[in-house]
Amino acid sequence: MRRPDKIPLAIRHKELFVKFLTKYSLYGAAQELLALCLHRIHCEFEAHVHPVCGEATVTKLDQIISGQIIQKVVEEYGLGAFALNHGLVLGMTYWLAERCYVRWHA
């Protein structure tokens, strides 16, 4: 699904995540938490988003991504010193998409 209007914001969120990733690159525990977050995003994306790609509207996909992925990851992993926020988790999703781990098309 082409979403050219989302590209500038997606790039900013992805860059935010890459900076976060770099900041915590030397901390083993942080890397483990990041791996768990990325795995969770991938699994939830494959379970809830990818099956409806090509059928659902952009608005519906955004609702699924926000509710089934972003919010759940922030609630589970966004506590304490490892302060994830919605923008970072969205950046993780775009980072995974750039590497073809998640797909926005059927």
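Before reading further, recall that the structure is shown in the block above.
Procedures and definitions
Sequence order as written defines residue numbering, which begins from 1 separately in each chain. The predicted nature of this model means local features are confined to residues of pLDDT at least 70 and side-chain atom pairs, given and counted, to a pLDDT of 80 or more, with totals for whole chains, interfaces and linings taken over all residues. Hydrogens and waters are ignored; side-chain quantities use all the structure's heavy atoms. Only buried Ala, Val, Leu, Ile, Met, Phe, Trp, Tyr and Cys residues count toward a nonpolar core, and they belong to the same one when joined by side-chain atoms within 4.5 Å. Only protein chains enter the area calculation, which uses a 1.4 Å probe; residues under 20% of their type maximum are buried, those over 50% are exposed, and those in between are partly exposed. Each helix is a run of DSSP H or I of at least 4 residues and each strand a run of E of at least 2, with the numbering of both proceeding from the N terminus. What makes two residues a contact is simply this: any of their non-hydrogen atoms within 4.5 Å. Each residue after the first adds 1.5 Å to the expected span of a helix. Throughout, the arc means the angular range of directions from the helix axis out to the C-beta atoms. Take a side-chain nitrogen of Lys or Arg and a carboxyl oxygen of Asp or Glu: if they are within 4 Å of each other, that pair is a salt bridge. In protein, a polar contact means a hydrogen-donor-capable atom and an acceptor-capable atom, both N or O and within 3.5 Å, with residues adjacent in sequence counting only if both atoms are side-chain atoms; elsewhere, any N or O pair within 3.5 Å suffices. Here the axes come from fitting lines to C-alpha atoms, over the contacting stretch only for helices, and the angles between their N-to-C directions go from 0 to 180 degrees. Roughly parallel refers to an angle under 35 degrees, roughly antiparallel to one over 145, roughly perpendicular to one between 65 and 115, and oblique to any angle outside these ranges. Under the scheme applied here, ten amino acids are nonpolar (Ala, Val, Leu, Ile, Met, Phe, Trp, Tyr, Cys and Pro), four are charged (Asp, Glu, Lys and Arg), and all others, including Gly, are polar.

S.K.: When you look at the nonpolar core in this model, what are you seeing that I'm missing?
M.R.: Among soluble globular proteins, nonpolar side chains are generally buried collectively. One finds Val49, Leu84 and Met92 to be the most contacted residues of the largest nonpolar core, which totals 32 residues. When residues of this core are traced back to their parent elements, those giving at least two are α1 (7-23), α2 (28-49), α3 (58-77) and α4 (86-98). Once residues within four sequence positions are removed from consideration, Leu84 is found in contact with Phe20, Cys37, Val73, Val74, Tyr77, Gly78, Val89 and Met92.

S.K.: Mind showing me how you'd approach α1 here?
M.R.: Along an α-helix, residues three or four positions apart point the same way, because every turn accommodates 3.6 residues. An ideal rise of 1.5 Å per residue puts 24 Å on 17 residues; α1 measures up with 24 Å between its terminal C-alpha atoms. On its buried face, α1 is in contact with α2 and α4.

S.K.: Explanation requested: α2 in the structure shown.
M.R.: Counted at 1.5 Å a residue, the expected span for α2 with its 22 residues is 32 Å, and the 30 Å between its end C-alpha atoms agrees. When we look at burial in α2, the residues that qualify are Ala30, Leu34, Cys37, Leu38, Arg40, Ile41, Glu44, Phe45 and Val49. In an axial view of α2, the angular spread of the buried residues amounts to 160 degrees, which keeps them on one side of the axis. Among the exposed residues of α2, those pointing more than 90 degrees away from its buried face are Ala29 and Glu32. On the buried face of α2, the contacting elements are α1, α3 and α4.

S.K.: Would you take a moment to explain the pattern of salt bridges for this structure?
M.R.: Close approach of charged atoms allows side chains of opposite charge to pair. One pass over the structure, following the stated rule, counts 5 salt bridges. Residue Glu98 pairs with Lys14 through a salt bridge whose shortest N-O separation is 2.8 Å. Highlighted residues: Glu98 in helix α4 and Lys14 in helix α1, separated in sequence by 84 residues. A residue is classified by how much of its surface remains accessible, and Lys14, at 18% relative accessible area, is buried. The structure contains a network of salt bridges with shared partners spanning Lys14, Glu98 and Arg99.

S.K.: What am I meant to see in the environment of Lys6 here?
M.R.: Among the secondary structure elements, Lys6 is positioned in the segment before α1. A relative accessible area of 28% places Lys6 in the partly exposed class. A C-alpha to C-alpha distance of 13 Å links Lys6 and Leu61, two positions 55 residues apart in sequence. Side-chain polar atoms of Lys6 contact the side chain of Asp62, separated by 3.4 Å.

S.K.: I would appreciate a short explanation of the packing of α1 against α4 in the present structure.
M.R.: Pairs of packed helices are described in terms of their axes, by the angle between the two and the distance that separates them. Here α1 crosses α4 at 100 degrees, and the two axes come no closer than 7 Å. If you check the angle between α1 and α4, you find them roughly perpendicular. In this structure, α1 uses Ala10, His13, Lys14, Leu16, Phe17, Val18, Phe20 and Leu21 to contact α4, whose residues at the interface are Gly87, Leu88, Leu90, Gly91, Met92, Tyr94, Trp95 and Glu98. For the contact of α1 with α4, a count of residues per class yields 11 nonpolar, 3 polar and 2 charged.

Honestly, that's just the spatial picture; any functional story needs more than this.
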